[in-house]
Amino acid sequence: MERKFYIICGHYGCGKSNYAINLALDLSEQGRKVILMDLDLVNPYFLSSAYKDMLEEKGIRVIAPMFANSNVETPGLPAEMNLVFETDADVVMDVGGDDAGSVVLGRFHEQLANVDYEMIYLINHYRNLTMTPEDTAEVLREIEAASRCRASAVIANSHLKAETTWEVVKKALPYAKETAEILNLPLKAVTIPAFLLSDEDVKKEMEEQDVTWYPVEIYVKAPWE
């Protein structure tokens, strides 16, 4: 199998970094060589590169903005980010939120046009500005315009952090399906916190839903949590 690029984009706070970490770990467990690129120059609190030590222990290379996780207010992109297009590794790109965070992706527009990439639009029904399918679709249009890349799939990641229950996840399913329909994109998967899978009743109800489930561990937390 040839290497692939996975671009993870979405609204602020939808859970991009946590999903990117889970995806990178899953690819690594499949025996793939993996690079995680942290492209978030906007939000200093939820950076996937903050978990660099844990990821590198698993054999995942992490490339982060210069001065990420420091007190420097304007981190920059290291030159080595351009080298990922010359490696044989799978690349997971954790992009900053909304169009503002996606502008940096446009820097790699020409290189991405020549590789096999999947741009995954992560959506969360419980975030401000993406509570309706129409608003959620508009956010993606802004992201695509800023990044000059096109989304290829939707993944629903509706959650309320530690307060997430099965009902929270289930209630957001119609929203996820309608959003994907409006965007004319496949609903590739619906995430569910792994801690909910200990409940047999939840697993039975999951089987009744016509979606593909993707369990996620919760790695990313705010400094105050």
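Preceding this paragraph is the structure being described.
Residues numbered from 1 in each chain as written. Predicted model: local features only at pLDDT ≥ 70, side-chain atom pairs only at ≥ 80, totals over all residues. Heavy atoms only, no water.

1. Comments concerning the nonpolar core
Among soluble globular proteins, nonpolar side chains are generally buried collectively.
Item 1. Residues Met37, Leu39, Met93, Leu105, Leu112, Tyr121 and Trp213 are the most contacted members of the largest nonpolar core, which totals 45 residues.
Item 2. Residue contributions to this core peak at five residues, all from helix H7 (residues 173-183).
Item 3. Non-local contacts of Leu112, meaning those with residues more than four positions away in its chain, are made with Phe5, Ile7, Phe85, Met93, Leu105, Tyr117 and Cys149. (Core = buried A, V, L, I, M, F, W, Y, C linked by side-chain atoms within 4.5 Å. Buried < 20%, exposed > 50% of the residue type's maximum accessible area, 1.4 Å probe, protein only. Helix = DSSP H or I, 4+ residues; strand = E, 2+ residues; numbered from the N terminus. Contact = heavy atoms within 4.5 Å.)

2. Focus on the state of the cysteines
Item 1. Per the stated rule, a full pass over the model turns up zero disulfides.
Item 2. With no disulfide partner, Cys9 has as its closest neighbouring cysteine sulfur the one in Cys14, 8.1 Å distant.
Item 3. Here Cys149 is not disulfide-linked; the sulfur of Cys9 is the nearest cysteine sulfur, at 9.0 Å. (Disulfide = S-S within 2.5 Å.)

3. Overview of the pairing of strand E4 (residues 90-95)
Item 1. The element E4 is extensively covered by neighbouring structure, given that six of its six residues are classed as buried.
Item 2. Both faces of E4 are covered, namely the face carrying Asp90, Val92 and Asp94 and the face carrying Val91, Met93 and Val95.
Item 3. The pairing of strand E1 (residues 5-10) with E4 spans four bridges and is parallel. Directly across from Ile8, in E4, lies its bridge partner Asp94.
Item 4. As defined by bridge partners, strand E2 (residues 34-39) adjoins E4 across six bridges and the pair is classed as parallel. Looking across to E4, one finds that Val34 is bridged to Asp90. (Pairing = 2+ DSSP bridges.)

4. Let's talk about the packing of aromatic side chains
Item 1. Counted according to the given criterion, the structure contains four aromatic pairs.
Item 2. Ring centres of Phe5 and Phe85 lie 5.1 Å apart, and the angle between their planes is 15°; this geometry places the pair in the stacked category. Taken together, the residues span a long stretch of sequence, with Phe5 in strand E1 and Phe85 in the loop between strand E3 (61-63) and E4 at a distance of 80 residues.
Item 3. Here Phe85 falls in the buried class, since its relative accessible area comes to 14%. (Phe/Tyr/Trp six-rings, centres within 6.5 Å; stacked < 30°, edge-to-face > 60°.)

5. Focus on unusual backbone geometry
Item 1. Unusually for a residue other than glycine, Leu129 sits at a positive phi of about 80°.
Item 2. Summarising the element assignment, Leu129 is placed in the loop between strand E5 (117-123) and helix H5 (133-147).

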